[in-house]
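Fold and geometry: a report
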Amino acid sequence: MISTIQMLLADEDVDTQCEVLDALAVSMDHTDLYDQMVTPDIILTIHTKLRDDNTRVQTQALKTLAAFMAHNDLHSLIFNPDMTSTIQELLTNEDKHIQCKALVILTPSMAHSDLYVLMFTPGIISPIHNKLRDSLDIVWMQALTTLAASMAHSNDLCNLMFTPGIISAIHNKLRDEFWKVRRTALKILATSMAHNDLHDLIFNPDMISAIHGRLVDEVDDVQCEALDILAVSMAHNDLYDRIVTPDIILTINGKLRHGNGSVRTLALKIIIASLEHNDIHSLIFKPDITSTIQQLLADEDQDVRCQALVTLIASMHNELYDLMSTPGVISAIHSFENPSSFYGSQHTDDLYKPIFTPGIVSAIHSKLRDKHWKVRIQALITLVASLGHKLLADKDENVQHQALDTLVASMDHSDLCNQIFTPGIISAMHSKLGSKDWGVRIKALKILVASLDHNDLYNQNFNPDIIPTIQWLLVDEDPDARCQALVTLVAFLNHSILNGLIFTHETIYIIHSNLRDKYWRVRIQALKTRVASLNHNDLHNLIFNHDMVSAIQGILADDHEDVRCQALQTLEAIMAHNDLSGHIINDTLISDIWALQNDLDDNVWLQAVTTFNSASSYLGLSSHSSSSTHD
């Protein structure tokens, strides 16, 4: 096969050569083919084609080589000193398309420190720099893309690429007549902020002045990129001090009324970022800022509406309370992107302070009926303390799930629980146990389990009518729901009132059937439920009968190693109770445990040794094992 490919690549017919090169490129999408097709000799032949006299052959060879780049294991075969020399020649080729494709070939080498040192020689970097200084064309755009790609890699590579001459070229492009060039130059600058050692070199007064100028660019997309730089600069104190000035703050506040929704959204994000800088609070948070943001809650753009809510939520700084709030709702508030990430943040101590005026509260209430589900979700996060049970009945399942996620996240905070978990919320959880959505059923169970850690919640709101529902969930069609129902039973065991209600003969029978469930995770959880019940002597006679012991003994031969291991742990836990040991230990069981000391799974045979020694100790036998077979 390889010899045939090489023969066809040597054919005098250009079309034949190009078709074969294209076929090699296509083979890269099939791992079973490329293992056979790509050899050092084939790569060497393609390398030769890069220097072919025919432009079509050169172009196709570059395309084929680019397809090879999708496979990291080929990079070390492709990149070598000869390739460096060839790429250098191609970067000065008369055909601009070939120049572009040569730049594309370079990019993957950046991911390998040993390769980029080899490839990015002065002979390579110099042509790239020259392209960036040239007039706008397709090569200039690709060179800029290559420069941007370098920002994702080591500081050493960035330092090679970002010379004073290149920075000057980027500075000039910020005023280019073509708006896409201005936008791309700003994107490069935003990316460069990740490299602190480049800050002094890149962000000089002239560059900052040019960035400021783009805040009033005639093209909204360019303004957005400039605003993004401001937002990113807030996280870098050295850049923040240079870029964020009083005049710029006034400009940002003005952007809240801009005609473009993306601009308004970014302005709000900058306001959020500014909260970490107390020195500019007085500049940003003017008396009219609250009413301005409140107006944005009714914005025509759903992203703006969401961001306005987030901005109000984030404004939880002590010195801003008097400005941003009057007595209102006590809101359970956390971040929009990650419902559980707010808790534990620096603002936790202030979580329950009233921060919204009555007008803002009214506006947020109206967002609960917004036509876009994302906005309804954000409104939920803001007002869940008083309106959570209503959102649990929202017609959109995304909103229901977010409501449940919010409630789950709040369970770690007792003060929050006391405000959120009203009888209405608990009742809603009970009803959600019967939801058609298995995800909703699972989350409702988790919330009920978490509520058991708050005595005042379950004493006041627990409804015995849910017991048949939980029993039904033990045989739910979804295995995760069955697992969560078993976890719920374990939680009930810690409450004497509840375990007396739920651990009936019917429940015990269902748990017994769970030991034979076709899903191994359910079988494990059923075993763990048995272990948890050992701490309740009053349940021993009810739970640990002959049928149960036989079932556990049968599980010792389970197909899944984790189940076998849990069965051994369960038996060992039972043996620790004198009133039960005599009922479970018999010759057959001892033999089965002994046999598992030769199990192929390390965890199983190690547990078998421990369990066997426990049984031997109870029987007064010499505790020894065959574990040496695993040495």
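**Remarks on the overall build of the protein chain**
- Across its full length, the protein chain carries 42 helices and zero strands.
- Residue pairs in contact within the protein chain that sit at least 24 positions apart in sequence constitute 65% of those at least 6 positions apart.
- Within the structure as shown, the protein chain displays about 27800 Å² of accessible surface, and the carbon and sulfur contribution to it stands at 50%.

**Some words on the environment of Ser85**
- Mapped onto the secondary structure, Ser85 falls in helix H7 (residues 81-90).
- The exposure class of Ser85 is partly exposed, given its relative accessible area of 33%.
- When the C-alpha positions of Ser85 and Ile124 are compared, they lie 8.4 Å apart, and in sequence the two are 39 residues distant.

**Considerations on the confidence of the model for the protein chain**
- Chain-level statistics for the protein chain give a pLDDT mean of 74 and a share of 72% at 70 or above.
- Under a pLDDT of 50 for its full length, residues 316-361 has, in the predicted model, 114 contacts with residues more than four places off or in other chains.
- Contacts from residues 385-390, a stretch scored under 50 in pLDDT, to residues over four places away or in other chains number 11 contacts.

**Looking at the pattern of salt bridges**
- Here the structure, examined in full by the defined rule, presents 12 salt bridges.
- Between Arg51 and Glu89 there is a salt bridge whose closest N-O contact spans 3.6 Å. In this pair, Arg51 is assigned in the loop between helix H4 (40-49) and helix H5 (55-68) and Glu89 in helix H7, connecting sequence segments 38 residues apart.
- A residue is classified by how much of its surface remains accessible, and Glu89, at 43% relative accessible area, is partly exposed.
- Note that Asp299 and Arg264 form a salt bridge whose closest N and O atoms lie 2.7 Å from each other. Linking Asp299 in the loop between helix H22 (289-296) and helix H23 (302-314) with Arg264 in helix H20 (residues 261-274), this pair joins segments that are 35 residues apart in sequence.
- Here the salt bridges share partners, and the residues they tie into one network are Arg182, Arg214 and Asp217.

**Examining the environment of Gln223**
- Tracing the sequence through the fold places Gln223 in helix H17 (residues 220-233).
- Setting aside chain neighbours within four positions, we find Gln223 in contact with Arg214, Leu215, Val216, Asp217, Lys255, His258 and Val263.
- From its side chain, Gln223 meets the backbone oxygen of Asp217 in a polar contact 2.8 Å long.

**Observations concerning the side chain of Gln58**
- In this fold, Gln58 is placed in helix H5.
- Within polar-contact distance, the side chain of Gln58 engages the backbone oxygen of Leu50 at 2.8 Å.
- In contact with Gln58, other than residues within four places in its own chain, are Lys49, Leu50, Arg51, Asp52, Leu90, Asn93 and Ile98.

The rules behind the values
- Residues numbered from 1 in each chain as written.
- Predicted model: local features only at pLDDT ≥ 70, side-chain atom pairs only at ≥ 80, totals over all residues.
- Heavy atoms only, no water.
- Helix = DSSP H or I, 4+ residues; strand = E, 2+ residues; numbered from the N terminus.
- Contact = heavy atoms within 4.5 Å.
- Areas by Shrake-Rupley, 256 points an atom, 1.4 Å probe, with all protein chains shown as cover.
- Buried < 20%, exposed > 50% of the residue type's maximum accessible area, 1.4 Å probe, protein only.
- pLDDT = per-residue confidence, 0-100.
- Salt bridge = Lys/Arg side-chain N within 4 Å of Asp/Glu carboxyl O.
- Polar contact = N/O pair within 3.5 Å; in protein donor to acceptor, adjacent residues only side chain to side chain.

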